[in-house]
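This is what each chain is made of:
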Amino acid sequence: MNYTDNRFICVPITETNAESFLSAILEASQLADIVELRLDYLSTQDRSSVIARLPALTVNTACKDLLLTFRPREQGGQQDLSLEDRQDFWRNLPPEVIAATRFVDFEFDLVESWNGISPVPWEKVICSWHNFEETPNDLPARYDRMATTPAAIVKIATMANRITDCLKTFELIHYAKDKKPVIALAMSLAGVSTRILSLASGAMLTFGSLRKGAESAAGQITASDLRNLYRIKQLNSDSEILGIIGYPVGHSRSPLMHNTVLSLHGLNAAYLPFEVQDAGEFITDFVRPQTKKFAWNFRGLSVTIPHKLAVIPYLDSVDTTAKAIGAVNTIVINGGKLSGFNTDIVGAMKPLEELVELRDARVAVLGAGGSARAICYGLNQRGANTTIFARDMTKATPLAEEFEVKLHLLESFTGDFDIVINCTPIGMRHHSEGESPLKTEALKNTTLVYDLIYTPNTTALLCNAEKAGCQTLGGMSMLIGQATEQLRLWMGLDASFETMRKGLETK
């Protein structure tokens, strides 16, 4: 059997009782090319019930091709299974179930234990190996050893401790080109790019969960997002790659907005989340045309915490606005050069100016980081009367002196401002959700409160502001505004605010 021309999205079933397991198979068939039955998630009784019903399920329903897996705990499974336990399971599998199954997953040690005589036809066998600690340097050698077995397909999944580990995975896929079909993935959030781009690189299959919470491995994206948001079946080696770099980056909604627009325009491009610890390392190894070890065609990047300052030394040019505020949130790659911009100011000021007049407005800016720097620059350009409130006066003093604005401790905030703008991460999901930099009483003399945080949509600060009778503005408006400007810089697209907002709301 030749699978080299096929590219599959496989959905693992991880339910733990027979009825929900069978229902999930039918649900997954609507999204998947292949459905993986993780039989190690089931008790002996439930597993027997599912196996007995598989032949009829595949004949009488729209169920897609099946992949059977019975994995021991030390290799990522849910049960303590000896080699003998696994051998007995596969030997005792009914012939009609084997006939109704397209693939089975045998761990490498199990493949070797058969000594060439398998209870399942070798053309159906995926020989798998997992490393949950790291991504070692010897993946090609390991592939060669596994490829010499009678198994039809080789699967290697490793833990990505940093994004550069993904390079080893893509190098393995390239190494296996024109050889035995390979499934190669890097687990964890740092490895997400391998799940999205492996098919276009030449891998045979990638895994997507049925829904959030049903993942069978770290970093798994839902099959729906793989197929519809990232459109991985349409991507190829000529696809243009956009993305966001940050640490952490899993909470970002930017892929929802940008991919919605890219899909609407029918572009051969995708926008990915890249969890990056070292921005310079990522730019050198993945992005810069002269030094990259990664063959993809990068067109542009969004830059978020903590890299807005760190990327600057690695760019060929930085525009006037980004220089003035000392922070880059957008990188454009064109003609072998990397150019830095900052679209935060446009994104932040536009929705604010639609609500209030900024000239001579009394504005309190909470925080002294990169976002606060952008906000202070934008407010100064528009003639506002700005005061910074910060917790770290040592960090905030240079910012206040640079923009010639007043500075006070955040704890000393007493209100009586036209506008309060929160540029701190206080209240952000996965950071300090539920907390607020200001209490309700402190906001009673404030007209409008603007929180740049967009996850969650309604922060504790905005709730306090509503109780105090203030007009409120959430960070989603800024997020969409800066993103539309990014797409203009990258692709020359005039993306509408409404299109991006609908992309977020649909999700």
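None of these values were measured; they are calculated from a predicted model.

## Quick word on the overall build of the chain
Stage number 1. When you go through the chain residue by residue, the secondary structure sums to 18 helices and 21 strands.
Stage number 2. In terms of overall size, the chain behaves like a compact globule, its C-alpha atoms giving a radius of gyration of 26 Å where 507 residues would be expected to give roughly 23 Å.
Stage number 3. Across its three principal directions, the C-alpha atoms of the chain cover 80 × 50 × 40 Å.
Stage number 4. Burial analysis of the chain (507 residues in total) assigns 59% to the buried set.
Stage number 5. For the chain, the share of sequence-separated contacts (at least 6 apart) that also reach a separation of at least 24 residues comes to 67%.

## Examining the confidence of the model for the chain
Stage number 1. Looking at the chain as a whole, its pLDDT mean stands at 93, while 98% of the residues score no less than 70.
Stage number 2. Low pLDDT (under 50) marks residues 1-5, which in the prediction has 8 contacts with non-local residues, meaning those over four places away or in another chain.

## Regarding the nonpolar core
Stage number 1. Judged by nonpolar contacts, the single largest core of 118 residues is most densely connected at Ile25, Trp90 and Phe298.
Stage number 2. The element contributing the most residues to this core is helix 17 (residues 475-491), with 7 residues.
Stage number 3. Sequence-distant contacts of phenylalanine 298, that is, excluding residues within four places in its chain, are made with Ile241, Phe274, Phe282, Phe286, Val287 and Ile333.
Stage number 4. One finds Ala348, Leu379, Ile388 and Leu473 within the second-largest nonpolar core, a separate group that totals 35 residues.

## As for the pattern of salt bridges
Stage number 1. Evaluated as defined, the whole model comprises 26 salt bridges.
Stage number 2. In this structure, the salt-bridge partner of arginine 227 is aspartate 33, at a minimum N-O distance of 3.4 Å. Residue arginine 227 is located in helix 9 (residues 223-229), and its partner aspartate 33 is located in the loop between helix 1 (18-28) and strand 2 (34-38); the two are separated by 194 residues in the primary sequence.
Stage number 3. Between arginine 102 and aspartate 65 there is a salt bridge, with its nearest N and O atoms 2.9 Å apart. Of this pair, arginine 102 sits in the loop between helix 4 (95-100) and strand 4 (103-107) while aspartate 65 is found in strand 3 (residues 65-69), placing the two residues 37 residues apart along the sequence.
Stage number 4. In this structure arginine 102 comes out as partly exposed when scored by relative accessible area, which is 21%.

## A word on the side chain of threonine 14
Stage number 1. Looking at the element boundaries, threonine 14 is found in the loop between strand 1 (8-13) and helix 1.
Stage number 2. Given a relative accessible area of 13%, threonine 14 falls into the buried group.
Stage number 3. Within the local environment of threonine 14, its side chain forms a polar contact with the backbone oxygen of alanine 214, the two atoms lying 3.1 Å apart.
Stage number 4. Sequence-distant contacts of threonine 14, that is, excluding residues within four places in its chain, are made with Tyr41, Ala214, Glu215 and Ser216.

## Quick word on the sheet that holds strand 18 (residues 406-409)
Stage number 1. Read from one edge to the other, the open sheet built from 6 strands follows the order 18-17-16-19-20-21, with strand pairing classed as parallel. Both edges of this open sheet fall to strand 18 and strand 21 (471-473), since each of them pairs with a single strand only. The mean angle between the axes of side-by-side strands here comes to 20°, regardless of whether they run parallel or antiparallel.
Stage number 2. The sheet contact formed by strand 20 (residues 448-451) and strand 21 spans 3 bridges and is parallel.

## A word on the sheet that holds strand 12 (residues 297-303)
Stage number 1. Judged by pairing direction, the sheet is mixed, and its 6 strands sit side by side in the order 11-10-12-14-15-13 without closing on themselves. Where the open sheet ends on each side, the last strands, each with one partner, are strand 11 (269-275) and strand 13 (317-318).
Stage number 2. In this fold helix 8 (residues 192-201) packs onto strand 10 (240-246) and strand 11, with an angle of close to 155° to the strand it touches most, strand 11.
Stage number 3. Seen against the sheet, helix 10 (residues 254-264) touches strand 10, strand 11 and strand 12 and runs at an angle of roughly 165° to strand 11.

## Observations concerning helix 17
Stage number 1. When the terminal C-alpha atoms of helix 17 are compared, their 24 Å separation across 17 residues agrees well with the 24 Å that a helix rising 1.5 Å per residue should span.
Stage number 2. The buried fraction of helix 17 is high, at 15 of 17 residues.
Stage number 3. Directly beyond the C-terminal end of helix 17, a positive phi value near 70° is found at glycine 492.

## Describing the packing of helix 14 (residues 370-381) against helix 15 (residues 393-403)
Stage number 1. Their axes nearest at 11 Å, the elements helix 14 and helix 15 cross at an angle of 15°. Viewed along their axes, helix 14 and helix 15 adopt a mutual orientation that is roughly parallel. You can see that helix 14 and helix 15 cross each other, and the crossing is right-handed. The residues of helix 15 that touch helix 14, namely those facing Ala372, Arg373, Cys376, Tyr377 and Asn380, are Leu399, Glu402 and Phe403.
Stage number 2. Among the residues forming the contact of helix 14 with helix 15, the class breakdown is 5 nonpolar, 1 polar and 2 charged.

## Comments concerning the pairing of strand 6 (residues 153-159)
Stage number 1. Within strand 6, 7 of the 7 residues are buried, which leaves the element mostly enclosed by the surrounding structure.
Stage number 2. The alternating pattern of strand 6 places Ile153, Lys155, Ala157 and Met159 on one face and Val154, Ile156 and Thr158 on the opposite face, and all of these are buried.
Stage number 3. Sheet topology places strand 5 (residues 125-131) next to strand 6; 6 bridges connect them, and they run parallel. Residue pairing across strands places serine 128 opposite lysine 155, the latter belonging to strand 6.
Stage number 4. Pairing of strand 6 with strand 7 (residues 182-187), which is carried by 6 bridges, proceeds in the parallel orientation. The residue of strand 7 that forms the bridge with alanine 157 is leucine 185.
Stage number 5. In this region the chain leaves strand 6, passes through helix 7 (residues 165-175) and returns to the parallel neighbour strand 7; the handedness of that crossover is right-handed.

## Let's talk about the pairing of strand 4
Stage number 1. Most of strand 4 is tucked away, with 5 of its 5 residues classed as buried.
Stage number 2. Neither face of strand 4 is exposed, since Phe103, Asp105 and Glu107 on one face and Val104 and Phe106 on the opposite face are all buried.
Stage number 3. Direction of pairing for strand 3 relative to strand 4: parallel, over a ladder of 3 bridges. Bridging from a neighbouring strand, leucine 67 pairs with phenylalanine 103 of strand 4.
Stage number 4. Taken together, the 4 bridges between strand 4 and strand 5 define a ladder with parallel strand orientation. Residue pairing for strand 5: valine 104 is matched across the bridge by valine 125.
Stage number 5. The parallel pair strand 4 and strand 5 is bridged by helix 5 (residues 108-113), and the resulting crossover is right-handed.

Scoring rules and cut-offs
Residues numbered from 1 in each chain as written. Predicted model: local features only at pLDDT ≥ 70, side-chain atom pairs only at ≥ 80, totals over all residues. Heavy atoms only, no water. Helix = DSSP H or I, 4+ residues; strand = E, 2+ residues; numbered from the N terminus. Rg over C-alpha atoms; globule rule 2.2 N^0.38 Å. Buried < 20%, exposed > 50% of the residue type's maximum accessible area, 1.4 Å probe, protein only. Contact = heavy atoms within 4.5 Å. pLDDT = per-residue confidence, 0-100. Core = buried A, V, L, I, M, F, W, Y, C linked by side-chain atoms within 4.5 Å. Salt bridge = Lys/Arg side-chain N within 4 Å of Asp/Glu carboxyl O. Polar contact = N/O pair within 3.5 Å; in protein donor to acceptor, adjacent residues only side chain to side chain. Pairing = 2+ DSSP bridges. Axes fitted to C-alpha atoms, helices over the stretch in contact; angles between N-to-C directions. Expected span 1.5 Å × (residues − 1). Parallel < 35°, antiparallel > 145°, perpendicular 65-115°, else oblique. Left-handed = near helix turned anticlockwise from the far one by under 90°. Nonpolar A, V, L, I, M, F, W, Y, C, P; charged D, E, K, R; others polar. Right-handed = clockwise from strand over helix to strand, strands pointing away.

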